[in-house]
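Residues per chain are reported as follows:
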Amino acid sequence: MTDEFGLFINGTWTSPAKAKRFETINPANGEPVGSFVSATREDVAKAIEAAHRAYPGWKETPAPQRGEILLRAAGYLRRHKKEIGQIVSREMGKVIAEGEGDVQEAIDFVEYMAGEGRRLLGETVPSELRSKFCMTIRQPKGVVACITPWNFPTAIPNWKIAAALICGNAVVFKPASNSARCAVEVIRAYEEAGVPPGVLNLVTGSGGVVGTALVTDPRVRAVSFTGGVESGRDVYVKGAQGLKMVHLELGGKNPVIVMEDADLRLALDGVLFGAFGTSGQRCTATSRLILHEKVYEPFLKMLTDRLDTFRLGDPVDPKTDMGPVASREQEEKILAYIEIGKKEAKLRYGGKKLRGGAYDKGFFIEPTIFETPHGTRISKEEIFGPVLSVIKVKDYDEAVRVANDVDYGLSSSIYTRDVNRAFRAMDDLEAGITYINAPTIGAEIQLPFGGVKNTGNGGREAGTAAIEEFTEVKTVFVDFSSKLQKAQIDAESAV
Ligand code: NAP
């Protein structure tokens, strides 16, 4: 029998009577992973109410004490890293090293945020008047909703939850339906760490019902959303009706530029990891390879030779290089793009769903490479799978023009030995993140993360930017002159 899990509301796991349920399955073999409640609007309202009631007490809890709870949550994740890594691999299909890496990223961030509890910096600045003190302090927003995708099912929720909690917010968390089992582990970490009832709540169920209920409830003051552009736009529009702060982290179409002077072996490793790690389902995945014409053919040959040795299979097996894609819907969408690619470009490698034996039960797609002119759909739209579009360019200027001519701007990369060109690229590439001589993937939690254009709406996660996302800045003036002092007016007459 499939393990059943409830909602986590006001510090209690609960399964509403007659609740509808959904299951997640292992994309490598179709076996069920867990059964979860499809929460109703009423369930969501209960979770928001619990958060609303818990918020004042949590806000008043000194931030260093909140940090101690976070540190204990990180301890849970650290102790259970291997088993949670297995759950990640089993539920969404990334290979086990990446499954554990997902959990490690969560640990890193929660520990980092725990330390923020002893900082949460404001500013002190001089006043234009005597005997007057000016400063800013950071205050929580209130009840915040965290809505997350399945591709980093422990890291992304923790990026949001740990940051929101350290700042003193109460949280209602809605994970992707595909990765609900991983979300249970996220909650267990904070539950065991002693987070007070109501401060963190979990509601599982569809984006249309649960997500919309969160985004439209007036008690939710901010929404932190990571996912696709279409759903992000819907969340933004609905949140705007309630004048909420809506933070969006959306898709990408991330380029690696390989110049004629690049270290090709280094670039090869980077492109392989960037394009086919997590089966190409990272928001920062390398989905475009922009190749200088002088190295075009040799580099492509190196790439396809290496792919000949790639092992596709059970993600939990440490020898596997690439696992399945995360779900049937993902598989259908990626295969549809491959068909589009076959019509508008030249298929250079792969392009098929794997069939036969153990593959029949899962969603396995070969690593796929298209040679394409810039401007085709496969070269501009986010596919979110193991499909790489290779585009030939004649020089640096053309490479940058191609790199920038998409609707997204999350990550970018250039391989070159020319230091001047590397510095120019840092400036020229329209993206929130630029790597020099490294793949488009590999975020570190102590730095801001996010993108430009359709990738987001201007905010950043992680690093100290995470604190900005989850706090309001209050400006405080303390006048200890014991008289009315008028800014601008008295200050002007004093000189
Ligand atoms: P998605 O379909 O947009 O779903 C993301 C989350 O939003 C899920 O929890 C989903 O619930 C929920 N949701 C869907 N429609 C909603 C709506 N109308 N209102 C409120 N919530 C809604 O994205 P995904 O397929 O899970 O993830 C893949 C996408 O995420 C890709 O585009 C990828 O680039 C992007 N991503 C971006 C970043 C970044 O930091 N920029 C990081 C990772 C992923 P259900 O699961 O129940 O549908």
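Residues numbered from 1 in each chain as written. Predicted model: local features only at pLDDT ≥ 70, side-chain atom pairs only at ≥ 80, totals over all residues. Heavy atoms only, no water.

Describing the domain arrangement of the protein chain
By convention, interface size is frequently given as the accessible area that disappears when the constituent parts associate. Defined as follows: Segmentation into domains, and thus their bounds, comes from an automatic or database assignment. Any pair of residues with heavy atoms lying within 4.5 Å of one another is described as a contacting pair. By definition here, a salt bridge exists when the distance from a side-chain nitrogen of Lys or Arg to a carboxyl oxygen of Asp or Glu is within 4 Å. Identification of polar contacts relies on pairs of N or O atoms within 3.5 Å, with a donor-acceptor requirement for protein atoms, meaning one able to donate a hydrogen and the other able to accept it, and with residues adjacent in sequence counted only if both atoms are side-chain atoms. For helices the rule is a DSSP run of H or I covering at least 4 residues; for strands it is a run of E covering at least 2, with both sets numbered from the N terminus onward. For this classification, Asp, Glu, Lys and Arg are treated as charged, while Ala, Val, Leu, Ile, Met, Phe, Trp, Tyr, Cys and Pro are nonpolar and the rest, including Gly, are polar.
Split into domains, the protein chain comes out as domain 1 (4-250 + 456-475) and domain 2 (254-436). Using C-alpha coordinates to define each centre, domain 1 is positioned 31 Å away from domain 2. At the interface, 21 residues of domain 1 touch 28 residues of domain 2. Where domain 1 touches domain 2, the interface holds 1 salt bridge. The shortest N-O distance in the salt bridge between Arg-282 and Glu-98 comes to 3.9 Å. Across the domain 1-domain 2 interface, the total number found is 5 residue pairs in polar contact (both at pLDDT 80 or more). At the level of elements, helix H3 (81-92) and helix H4 (96-116) are the ones that each hand at least two residues to the side of domain 1 that touches domain 2. For the side of domain 1 that touches domain 2, the element with the highest residue contribution is H3, accounting for 4 residues. When grouped by side-chain class, the residues that make up the side of domain 1 that touches domain 2 number 10 nonpolar, 7 polar and 4 charged.

Digging into the side chain of Gln-281
Worth spelling out the cut-off: Burial here depends on accessible area, computed with a 1.4 Å probe over protein chains only, as a share of the maximum for the residue type. Under 20% is buried, over 50% is exposed, and the range in between is partly exposed.
Along the chain, Gln-281 falls in the loop between helix H9 (264-276) and strand S13 (286-292). Residue class for Gln-281 comes out buried when judged on its relative accessible area of 1%. One polar contact links Gln-281 to Gln-330, side chain to side chain, over a distance of 3.2 Å.

Some points on the packing of helix H7 (residues 207-216) against helix H8 (residues 229-241)
Heads up, the rule is: In this description, a line fitted to the C-alpha atoms serves as the axis of each element, helices being fitted only across the stretch in contact, and the angle between N-to-C directions of two axes falls anywhere from 0 to 180 degrees. Note on angle classes: values under 35 degrees are labelled roughly parallel, values over 145 roughly antiparallel, values of 65 to 115 roughly perpendicular, and the remainder oblique.
Here H7 crosses H8 at 30 degrees, and the two axes come no closer than 8 Å. The angle between the axes of H7 and H8 places the two elements in the roughly parallel class. Contact residues: Thr-212, Val-215 and Thr-216 in H7; Val-235, Lys-238 and Gly-239 in H8. Considering only residue class, the contact of H7 with H8 consists of 2 nonpolar, 3 polar and 1 charged.

Re the sheet that holds strand S6 (residues 132-140)
Where we set the bar: Strand pairing follows a simple DSSP-based rule, namely that at least 2 bridges must link the two strands.
The strand order across the open sheet built from 3 strands is S5-S6-S21, with neighbouring strands paired in antiparallel fashion. Both outer strands of the open sheet, strand S5 (124-125) and strand S21 (471-479), are each paired with one neighbouring strand and no more. Relative to S6, S5 runs antiparallel, the two being bridged by 2 bridges. From the neighbouring strand, Thr-124 faces S6, where its bridge partner is Met-135.

Notes on the site of the ligand
Basically, it comes down to this: Near is defined per residue: the residue qualifies when any heavy atom it owns lies within 4 Å of the molecule or strand. All accessible-area figures derive from a Shrake-Rupley calculation using a 1.4 Å probe, and residue coverage is judged against the displayed protein chains alone. The method works on a 1 Å grid over the protein atoms by themselves. A cavity is a set of points holding a 1.4 Å probe that cannot get out, a pocket is an open set with protein on both sides within 12 Å along at least five of seven lines, and residues with an atom within 4 Å of a point line them. Think of it this way: a molecule belongs to a cavity or pocket when more than half its atoms come within 2 Å of the grid points there.
Neighbouring the ligand are 29 residues; Ser-177, Ser-231, Asp-234, Leu-250 and Glu-382 lie closest to it. Interatomic distance of 3.0 Å between a side-chain N/O atom of Lys-174 and an oxygen atom of the ligand. The contact in question runs from an oxygen atom of the ligand to an N or O atom on the backbone of Gly-228, over 2.8 Å. If the ligand stood free it would expose 900 Å²; the protein chains cover 85% of that surface. Among the detected pockets, the ligand sits in the largest pocket. Elements with a contribution of two residues or more to the shell around the ligand: H7, strand S10 (220-226) and H8. Among the elements that make up the shell around the ligand, the one with the highest residue count is H8 (3 residues). A class-by-class count of the residues in the shell around the ligand yields 13 nonpolar, 12 polar and 4 charged. Residue-level mapping places the shell around the ligand at the junction of two domains, with at least three residues from each of domain 1 (4-250 + 456-475) and domain 2 (254-436).

Quick notes on the packing of aromatic side chains
Two aromatic rings are characterised by how far apart their centres lie and by the angle between their planes. Just so we agree on the cut-off: Here the aromatic set is Phe, Tyr and Trp, taking the six-membered ring for Trp, and pairing holds for ring centres within 6.5 Å; pairs whose planes are under 30 degrees apart are stacked, those over 60 apart are edge-to-face, and all others are tilted. For a Lys NZ or an Arg CZ to count as sitting over a ring, it must be within 6 Å of the ring centre and within 35 degrees of the ring normal.
Enumeration according to the criterion identifies 9 aromatic pairs in this entry. Note on Phe-109 and Trp-159: the rings are 6.1 Å apart at their centroids and 35 degrees apart in plane angle, and the pair reads as tilted. In this pair, Phe-109 is assigned in helix H4 and Trp-159 in helix H5 (residues 155-166), connecting sequence segments 50 residues apart. Each member of the pair, Phe-109 as well as Trp-159, is classed as buried. Look at Tyr-359 and Phe-364: their rings are 5.1 Å apart centre to centre, the planes differ by 65 degrees, and that puts the pair in the edge-to-face class. An aromatic cluster is built from Phe-109, Tyr-112, Trp-159 and Phe-449, whose rings are joined through pairwise contacts. Positioned above the aromatic ring of Phe-152, the side-chain terminus of Lys-94 is 3.7 Å from the ring centre. A cation over a ring is seen here: Lys-392 above Tyr-296, with NZ or CZ 4.7 Å from the ring centre.

Here we look at the environment of Leu-312
Structurally, the position occupied by Leu-312 is in the loop between helix H10 (296-308) and helix H11 (328-344). Taking the C-alpha atoms as reference points, Leu-312 and Ser-482, 170 residues apart in sequence, are found 75 Å from one another. Here Leu-312 is in contact with Thr-320, Met-322, Leu-354, Tyr-359, Ile-365, Glu-366 and Pro-367, once residues within four sequence places are set aside.

Overview of the layout of surface pockets
Note the threshold: Grid points are joined across faces, edges and corners, and a volume is the space filled by probe spheres set on the points.
Of the pockets and cavities examined, the largest pocket occupies roughly 1,000 Å³. Trp-150, Phe-225, Gly-227, Gly-228 and Ser-231 are, among the 40 residues lining the largest pocket, the residues nearest its centre. Breaking the lining of the largest pocket down by element, the ones donating at least two residues are H7, S10, H8 and H11. Looking at the lining of the largest pocket, its residues break down into 14 nonpolar, 16 polar and 10 charged. Both domains that meet at the lining of the largest pocket, namely domain 1 (4-250 + 456-475) and domain 2 (254-436), each give it at least three residues. When its volume is computed, the second largest pocket comes out at roughly 410 Å³.

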